[in-house]
Amino acid sequence: MKVLKFGGTSVGTAQRMKDVAKLIVGDRNIIVLSAMSGTTNSLVEISDYLYKKNPDGANEIINKLAMKYYGHIEDLYTTDEYKQKAKEHIKTIFDYIRTFTKDLFTLFEERIILAQGELLSTGMVNLYLNELGVHSVMLPSLEYMRTDKNAEPDPVYIKEKLTKLLNEHKDADLYITQGYICRNAYGEIDNLQRGGSDYTASLIGAAVNADEIQIWTDIDGMHNNDPRMVDKTAPVRNLHFEEAAELAYFGAKILHPTCILPAKLNNIPVRLLNTMEPEAPGTLISNATEKDKIKAVAAKENITAIKIKSGRMLLATGFLRKVFEIFENYQTPIDMVTTSEVGVSVTIDNRKHLDEIVDDLKKFGTVTVDSDMVIICVVGDLEWENIGFEASIIHALKDIPVRMISYGGSNYNVSLLVRASDKKKALQALSDHLFNK
Ligand code: ADP
Ligand code: ASP
Ligand code: MG
């Protein structure tokens, strides 16, 4: 059994839903769907109006969104019977969303609203498949996808509930389920963060020990640089799990940062494929490494660098522990670390407790903060005994001020910190020097 996840653009119109149906019919796989593209953003906007106690603003967006969906129904279904069924499905959901315009609005209600996008799209595709005569069965995510008290997925619960649901519907031609949405440890409706449908797919893949997890999107696989920023990017055919995880974490939007881990732990290959070009080979993510190759570059924004300079203390045992403890006390993860004999620099992306952290650090040395930075992450076979790779990376950036360089933490990456204003230039320079010579 495979798990196939289709993202927002892949189900973004009635025609796209029809194309997805052609790709999935014929095999008894689990199909994970995102909301139609733009829907989750509209639901965020609706919630924003409701937080601001502006029900008129919210209603305007709700009505516009509902009209779009009624339009999709006309395009998607052929028979009056199924048009009617789909209209009822959509009406029920929009009526429900409208109930939130009348009462107190909190995070709890917001999460319920955000969950409606995936409920809309999966219901529509399921009905469409039924209209085609396909016996597709809906596996409601809210019945098996669950996070624990630390907001981490609960793999034991997920496996148990999902296996039970699958066993109850052994005669299905295929299964449809919602990406992104889940329940939390308190049984409330919650989600796996924006872009989290990829995570749903890999959690399901791990739970059912799938042969493969396929992430279908609007591009022919992981490119060697961000195609939204850089000219002449090209797809990478093979990635190691670690390389893919680094790229996803450091900003390659095609994959949700957390999505690789469940696949890696269970050694399930992940294939990135293009719905608009299904024959393209895409990218295969697996346990295999390719020797002597730099694969790709990604960038993570909104990074803050903090330097603590203290000639007196760095060599003393326990200095680094004390520094790291401060970040831990404020639940602020550190991304990059570089050290010298007189100081240490770290980067964070969560600035919530920055002032308190800086205050506490001042006990140990002189503290400098650089905001608006980006981490540029270069990924590939960067094992230390390979020669020349670090030199070409640094050479590519010879005209750009680099604030930190981190290498040797893994065999797979070099990270560099530059100003946000130099991001595009740095990414393009790396593409030109490393890939497009
Ligand atoms: P989906 O809605 O299917 O989840 P996303 O928009 O989340 O799709 O991810 C696909 C997009 O990721 C692509 O359209 C592309 O613009 C962007 N992207 C950013 N970096 C990369 C990269 N290195 N390789 C491929 N796509 C990338
Ligand atoms: N619909 C959600 C979002 O837009 C989840 C996803 O598409 O992965 O973030
Ligand atoms: Mg995505």
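You'll find the structure just up there.
(A) Spatial organisation of the packing of helix α5 (residues 107-114) against helix α6 (residues 116-131). It is the contact of α5 with α6, at a shortest axis distance of 5 Å, that shows an interaxial angle of 20 degrees. By the angle between their axes, α5 is roughly parallel relative to α6. Contacts between α5 and α6 pair Ile-112, Ile-113 and Leu-114 from the former with Gln-116, Gly-117 and Glu-118 from the latter. Of the residues in the contact of α5 with α6, the class split is three nonpolar, two polar and one charged.

(B) Just the sheet that holds strand β16 (residues 413-419), in detail. The sheet built from six strands is open, its strands ordered β12-β13-β11-β14-β16-β15 with antiparallel pairing. With one partner strand each, in any of the chains shown, β12 (337-339) and β15 (402-407) form the two edges of the open sheet. Strand-to-strand twist across the sheet, computed as the mean angle between neighbouring axes with direction ignored, equals 25 degrees. The pairing of strand β14 (residues 366-380) with β16 spans seven bridges and is classified as antiparallel. Looking at the pairing, Val-378 lines up with Val-414 of β16.

(C) Representation of the pairing of β14 within the structure. As judged from the twelve bridges shared by strand β11 (residues 294-309) and β14, these two strands associate in the antiparallel manner. From the neighbouring strand, Ile-308 faces β14, where its bridge partner is Val-367.

(D) The arrangement of the pattern of salt bridges in detail. Enumeration over the complete set of coordinates arrives at 25 salt bridges. Across the pair Asp-48 and Lys-52 runs a salt bridge, and its minimum N-O distance is 3.1 Å. Residue classification places Lys-52 among the exposed positions, given a relative accessible area of 58%. Measuring nitrogen to oxygen at the nearest pair gives 3.0 Å for the salt bridge that ties Arg-271 to Glu-212. You can see Arg-271 sitting in strand β9 (residues 270-274) and its partner Glu-212 sitting in strand β7 (residues 212-217), a full 59 residues away along the chain. Each of Glu-243, Glu-290, Lys-293 and Lys-295 takes part in salt bridges that share partners, so that together they form one network.

(E) Quick peek at the nonpolar core. Formed by 52 residues in total, the largest nonpolar core has its most connected members in Leu-255, Val-270 and Ile-285. With five residues, helix α8 (residues 197-207) is the single largest residue contributor to this core. Setting aside residues up to four positions removed in sequence, Val-270 forms contacts with Ile-213, Ile-215, Phe-241, Ile-260, Ala-263, Thr-283, Leu-284 and Ile-285. Within the second largest apolar cluster, 50 residues are counted, among which are Val-11, Ala-58, Ile-73 and Leu-273.

(F) Spotlight on the site of ligand 1. Close to ligand 1 lie 16 residues; Lys-5, Thr-217, Asp-218, His-223 and Lys-253 are nearest. Taking Lys-5, its side chain carries an N or O atom lying 3.0 Å from an oxygen atom of ligand 1. Within the contact set of ligand 1, an oxygen atom lies 2.8 Å away from a side-chain nitrogen or oxygen of Asp-218. Burial of ligand 1 by the surrounding chains reaches 85%, relative to a free accessible area of 570 Å². Of the residues contributing to the shell around ligand 1, the split by class is five nonpolar, six polar and five charged.

(G) Spatial organisation of α8. Among the eleven residues in α8, eleven count as buried, and that is most of the element. Looking at α8, one finds that the buried residues are Ser-197, Asp-198, Tyr-199, Thr-200, Ala-201, Ser-202, Leu-203, Ile-204, Gly-205, Ala-206 and Ala-207.

(H) Spatial organisation of the sheet that holds strand β2 (residues 30-33). Read across the sheet, eight strands follow the order β3-β4-β2-β1-β7-β9-β10-β8 without closing on themselves; strand pairing throughout is mixed. Since the sheet does not close on itself, it has two edges, and those belong to β3 (136-139) and β8 (238-240), each with one partner. The mean inter-strand angle of the sheet, taken between neighbouring strand axes irrespective of direction, is 20 degrees. Strand direction decides the pairing type here: β7 and β9, joined by five bridges, are parallel. By the bridge assignment for β9, Trp-216 is matched with Leu-273. Lying on the sheet, helix α1 (residues 14-24) is in contact with β1 (2-6), β2, β4 (174-178) and β7; it crosses β1 at an angle near 170 degrees.

What counts, and where the lines are drawn
- Residues numbered from 1 in each chain as written.
- Chains lettered and ligands numbered in written order.
- Predicted model: local features only at pLDDT ≥ 70, side-chain atom pairs only at ≥ 80, totals over all residues.
- Heavy atoms only, no water.
- Axes fitted to C-alpha atoms, helices over the stretch in contact; angles between N-to-C directions.
- Helix = DSSP H or I, 4+ residues; strand = E, 2+ residues; numbered from the N terminus.
- Parallel < 35°, antiparallel > 145°, perpendicular 65-115°, else oblique.
- Contact = heavy atoms within 4.5 Å.
- Nonpolar A, V, L, I, M, F, W, Y, C, P; charged D, E, K, R; others polar.
- Pairing = 2+ DSSP bridges.
- Salt bridge = Lys/Arg side-chain N within 4 Å of Asp/Glu carboxyl O.
- Buried < 20%, exposed > 50% of the residue type's maximum accessible area, 1.4 Å probe, protein only.
- Core = buried A, V, L, I, M, F, W, Y, C linked by side-chain atoms within 4.5 Å.
- Near = heavy atom within 4 Å.
- Polar contact = N/O pair within 3.5 Å; in protein donor to acceptor, adjacent residues only side chain to side chain.
- Areas by Shrake-Rupley, 256 points an atom, 1.4 Å probe, with all protein chains shown as cover.

Function-wise, these values are silent; they only describe arrangement.
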